[in-house]
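Structural overview
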Amino acid sequence: MASVILGTAGHIDHGKTALVRALTGTDTDRLKEEKSRGITIELGFAELAAEGRPHFGVVDVPGHEAFVRAMVAGAAGMDVVLLVVAADEGVMPQTREHLSIVELLAVPELVVAITKCDAVDEEWLELVDADIEDVLSSTPYGDAPRIHTSALAGTGLEDLLDALSTAADRVHAADRTDLARLPLDRVFTIQGTGTVGTGTLWSGVIDAGAKVRLLPDELDARVRSLQVHGREADRAEAGDRAALALTGEGGDRERVSRGSVLVTDPAWTPSWMLTTRIRLIEDTAWLLEHNQRVHVHHGTAEVLARCALLESEPLAAGDSGWVQLRLEEPLVARTGDRLVIRAYSPVTTMGGGLVAEPAPPKRNRLTDLQRDQLNQLVDGSVEERSSAAVALAGWAGVTQARLPIVTGATPPECADAVHSILSEGVLRAGTLLVSAAVRQEAEERVLAALDAGHVEDSLRVSVPLARIRAGLPDWAPPELADPIIDALCDAGKLERADGGVRRAGFRPELTPDQEAASARLYDVLSSEGLGSPLVDELPDDLTGRSDFWPLVRHLESTGRVKLVADGLYVASDEVDAAVQRIRDALGGRDALGPADFRAVLPVSRKHLIPLLNYFDGTGVTLRQEQGRSVPEA
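Residues numbered from 1 in each chain as written. Predicted model: local features only at pLDDT ≥ 70, side-chain atom pairs only at ≥ 80, totals over all residues. Heavy atoms only, no water.

Details of the environment of T198
What counts is decided by this rule: Secondary structure elements follow DSSP: runs of H or I no shorter than four residues count as helices, runs of E no shorter than two count as strands, and numbering proceeds from the N terminus. Think of it in three bands: residues with accessible area under 20% of the maximum for their type are buried, residues over 50% are exposed, and the middle band is partly exposed, with areas taken using a 1.4 Å probe on protein chains only. Contacts are assigned to residue pairs with any non-hydrogen atoms lying within 4.5 Å of each other.
Mapped onto the elements of the fold, T198 is located in strand β8 (residues 194–200). With relative accessibility at 6%, the residue T198 sits in the buried group. Taking C-alpha positions, T198 is 9.7 Å from V228, a pair spaced 30 residues apart along the chain. Not counting residues within four places of it along the chain, the set of residues in contact with T198 comprises L182, P183, L184, D185, R186, F188, R241, A242 and A243.

Written as structure tokens, this is what we have:
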């Protein structure tokens, strides 16, 4: 199992840093200001490794209310939280706020350390213990162990390690087959090494030497070297605390900072909107109203956003509902991610949420169907999430490469899910997956375009594919039309003919008058062999007919004549015979001029040049600088 990330939480001066130092031997207060003021200002890091126990990467967070933004950045990615409560003060405001943040971020395990127990009597300690139990009772951590400790005296530390080890054993290891994502919580420069970014690897693996991308600024970089828990390593795996030396654009210290996200897969993209299911904490005095401005904490990033309520009523304390966050700076999110929202001013924690759509279209009010699909997206199985993501994407569809991001599942899980949803009507169109509903509408539009084509030109054997493709709306992806046509052909509703498609069983039917006109038109076009008259030279009794062009296209689509050039139709038999004469007389020869072909094709120059251009286009002749050549048949 990879390292378990253990983070502290709790009110200022309750002994978080002292307890970490007693457990690990590391003083996580590294800044001069922290040491002079005696408080933690920035995130601190340590390693807790004891024989026979899980390996912990420790993140020590500040407890002062002014540094909650740093606390949230540290809490992102925690597996186990060590909630620290001083026995001499008990539960305080930041105890409650930190606990709310931990709950909103759905950190799976929590252990309580009651510190400074040597400074109070037993009766007071029992009251503090009962107060903590009461606070935890309304959270998922009601059964969390509460360990009495003293960092100064060293008491209770073994019991605390036992409790932490038990909690760590219940943590599910992050999947290393997942896409790699590492939110940076510190960026600094080391002489001789350059820019270094540190963070907890949320998922996947990153190798030394790997090409990576820093989002949302779209900066390319290479991992020159990396350390895992302070030791040189060739690879960092999901759950590791890692420090990466970066070169390239992403190694620019002026452009990379806390909140940047390091990824390896091109499917990750920054987003300016998130569709989220938001829940306000029980004791907030705030309402969440439409267009309200809030601070959004996601991963190690903090951005401002406007809240677009997708349901009619404002959210009050304890309420939950669907909210689209319109961000003022982009974030790199994924379905299933947790986030915290804090009021714009004064800055206090209001609630948190679960990301459903990491890059959604702009939404206003939800339909019942969309609400069900969003719930399915965050609560369903991988197959249900995949189906919902594809359905919510509408005509835009979802690429399979993007599916792990819009479902929160691993690439192997998504590959298995694709097989399932394809059998349920989802259509693969190139790299895209489109929903059964979009597929049905697209098929209806294609069939409507086909029927209109048959009506417009009832004598044509088939409708050109370009006419059919144009039947889909402008917003449809261009790669969708052909798979829809293929599916309709496979279903027996369409059939291919003459380079186009037609309704299955459709055959053009000429009236007796059209039969006669068609026969006369063919006779005129074929009467002079390759020297066929141009359309504007045909008799008026033919060109004056309202169905003249349908008759011409009918002759063409049935293979009796060929369009050689604009306005020039030649009997197919004559064209085929000319091809054979060219190959027999000139096959294998190069640098041929018009006179060479004139000897084989007894036509005027007016017809010779269009015929040669036609033969160039069909590969019978090859046009080169020195003349034409005729490949041997």
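Now that the structure has been shown, we can carry on.
Topic: the packing of helix α7 (residues 368–379) against helix α8 (residues 382–393)
Let me state the cut-off plainly: Axes here refer to lines fitted to C-alpha atoms; in helices the fit is confined to the stretch in contact. Angles between the N-to-C directions go from 0 to 180 degrees. Each angle gets one of four labels, with under 35 degrees taken as roughly parallel, over 145 as roughly antiparallel, 65 to 115 as roughly perpendicular, and the rest as oblique. Helix crossings are classified by the rotation of the near helix relative to the far one: an anticlockwise turn of less than a right angle makes the crossing left-handed, while a clockwise turn makes it right-handed. Under the convention adopted here, Pro, Cys and the residues Ala, Val, Leu, Ile, Met, Phe, Trp and Tyr are nonpolar, Asp, Glu, Lys and Arg are charged, and Gly plus all remaining residues are polar.
The N-to-C vectors of α7 and α8 enclose an angle of 140 degrees; their axes lie 8 Å apart at closest approach. One way to sum up the angle between α7 and α8 is to call them oblique. You can see that α7 and α8 cross each other, and the crossing is left-handed. In this structure, α7 uses Q370, Q373, L374, Q376 and L377 to contact α8, whose residues at the interface are E384, R385, S387, A388, A389, A391 and L392. Looking at side-chain class alone, the contact of α7 with α8 contains six nonpolar, four polar and two charged residues.

Quick look at helix α14 (residues 512–526)
Operational definition: How far a helix is expected to stretch is found by multiplying one less than its residue total by 1.5 Å. This arc is built from the directions going out from the helix axis to the C-beta atoms.
In this model, α14 (15 residues) spans 21 Å end to end at C-alpha, consistent with the 21 Å of a helix rising 1.5 Å per residue. Buried within α14 are the following residues: Q514, A517, S518, L521, Y522, V524 and L525. Angular distribution of buried residues about the axis of α14 spans 160 degrees; they occupy a single face of the element. In this structure, the buried side of α14 is in contact with α15 (540–543), α16 (548–557), β28 (561–565), β29 (568–571) and α17 (572–586).

A closer look at the sheet that holds strand β3 (residues 56–60)
Inclusion rule: Only strands joined by at least two bridges in the DSSP assignment are considered to pair.
Strands sit in the order β2-β3-β1-β4-β5-β6 across an open sheet of six strands; the sheet is mixed. Lying at the two open borders of the sheet, with one neighbouring strand each, are β2 (44–48) and β6 (146–148). On average, each strand axis in the sheet is inclined to that of its neighbour by 25 degrees, with strand direction left out of account. Sitting on the sheet, helix α6 (residues 157–169) touches β1 (4–9), β2, β3, β4 (80–86), β5 (109–115) and β6, and the angle it makes with β5 is about 170 degrees.

Quick look at the layout of surface pockets
Stated precisely, the cut-off is as follows: Space inside and on the surface of the protein is sampled on a 1 Å grid over the protein atoms alone, with a cavity defined as a set of points where a 1.4 Å probe fits but cannot get out and a pocket as an open set with protein on both sides within 12 Å along at least 5 of 7 lines; lining residues have an atom within 4 Å of a point. Grid points are joined across faces, edges and corners, and a volume is the space filled by probe spheres set on the points.
Considering only enclosed or pocket space, the largest pocket measures out at about 1,300 Å³ in volume. In this structure, the largest pocket is lined by 44 residues; those nearest its centre are A174, W202, G336, D337 and G408.

Digging into empty space enclosed by the protein
Taken as a whole and assessed by the stated rule, the structure comprises one cavity of 30 Å³ or more. At the level of elements, α3 (68–75) and β7 (181–190) are the ones that each hand at least two residues to the lining of the largest cavity. For the lining of the largest cavity, the class distribution of residues is five nonpolar, three polar and two charged.

So, the pattern of salt bridges
Side chains that differ in sign of charge can pair as their charged atoms come close. Rule in force here: Between Lys or Arg on one side and Asp or Glu on the other, a salt bridge is scored when a side-chain nitrogen of the former is within 4 Å of a carboxyl oxygen of the latter.
The full count for this structure, using the stated rule, is 35 salt bridges. When the shortest N-O distance is used, the salt bridge between R231 and E47 registers 2.5 Å. Of this pair, R231 sits in strand β12 (residues 231–233) while E47 sits in strand β2; the two residues are 184 residues apart in sequence, bridging distant segments of the chain. In this structure, R628 and D616 form a salt bridge, with 2.9 Å as the shortest nitrogen-oxygen distance. With R628 in strand β31 (residues 627–629) and D616 in helix α19 (residues 605–618), the pair connects residues that are 12 residues apart, well separated along the chain. A relative accessible area of 9% places R628 in the buried class. Taking the relative accessible area as the measure of exposure, D616 reaches 19% and is therefore buried. A network of salt bridges, in which partner residues are shared, links R53, E158 and D162.

Overview of the pairing of strand β19 (residues 320–331)
Bridging between strand β16 (residues 271–280) and β19 involves eight bridges; their strand directions are antiparallel. Residue R277 lies in a different strand from β19, and its bridge partner there is W322. Strand direction decides the pairing type here: strand β18 (residues 301–309) and β19, joined by five bridges, are antiparallel. Within β19, the position partnered with A305 by the bridge is L327.

Concerning the nonpolar core
Soluble, globular proteins show a tendency: their nonpolar side chains are buried together. Stated formally: Definition used in this section: a nonpolar core is a set of buried Ala, Val, Leu, Ile, Met, Phe, Trp, Tyr and Cys residues joined via side-chain atoms within 4.5 Å.
L110 and L136 are the most contacted members of the largest nonpolar core, which has 36 residues in total. The residues contacting L110, other than those within four sequence positions of it, are V81, L83, L99, V102, L136, Y141, A144 and P145.

Overview of the environment of A442
Residue position: A442 is located in helix α11 (residues 436–456). Given a relative accessible area of 0%, A442 falls into the buried group. C-alpha separation for the pair A442 and G471, spaced 29 residues apart in sequence, amounts to 8.6 Å. Excluding residues that lie within four positions of it along the chain, A442 makes contacts with W395, L472, L480 and I484.

Side note on the packing of aromatic side chains
Here is the rule we go by: Here the aromatic set is Phe, Tyr and Trp, taking the six-membered ring for Trp, and pairing holds for ring centres within 6.5 Å; pairs whose planes are under 30 degrees apart are stacked, those over 60 apart are edge-to-face, and all others are tilted. Geometrically, a lysine NZ or arginine CZ counts as sitting over a ring once it is within 6 Å of the ring centre and also within 35 degrees of the ring normal.
According to the stated counting rule, one finds two aromatic pairs in the structure shown. Summarising the aromatic geometry, the rings of F548 and W549 are spaced 5.2 Å apart at their centres and angled 70 degrees between planes, so their arrangement reads as edge-to-face. Geometry around Y522 places R560 over its ring, the cationic atom sitting 4.1 Å from the centre.

Considering α3
Each full turn of the α-helix corresponds to 3.6 residues, which orients residues three or four apart in the same direction. Among the eight residues that make up α3, seven are buried, leaving the element largely enclosed by the rest of the structure. Buried positions along α3 lie against β1, β3, α4 (93–104), β17 (293–298) and β20 (338–343). Trailing α3 by a residue or two, G77 shows a phi angle of about 90 degrees, which is positive.

Focus: unusual backbone geometry
The peptide bond linking L215 to P216 adopts the cis configuration, its omega dihedral lying at 10 degrees. Turning to its location among the elements, P216 is positioned in the loop between β10 (211–215) and β11 (219–228). Non-glycine residue N291 carries a positive phi angle of around 70 degrees. Tracing the backbone through its elements, the reader meets N291 in the loop between β16 and β17. Of note, A591 is a non-glycine position whose phi angle comes to about 55 degrees, a positive value. Within the secondary structure, A591 is located in the loop between α17 and α18 (594–600).

A word on the sheet that holds strand β25 (residues 463–464)
Backbone-to-backbone hydrogen bonds pair the strands of a sheet. The strands run either parallel or antiparallel. Pairing in this open sheet of three strands is antiparallel, and the strands run β25-β27-β26 from one edge to the other. Looking at the sheet topology across the chains shown, the edges are occupied by β25 and β26 (494–497). Pairing geometry for β25 and strand β27 (residues 500–503), over two bridges, is antiparallel. Looking at the pairing, V463 lines up with V501 of β27. Its contacts with the sheet place α11 against β25, β26 and β27, and it is angled at close to 90 degrees to β27. Docked against the sheet, helix α13 (residues 481–490) engages β26 and β27, running at close to 110 degrees with respect to β26.

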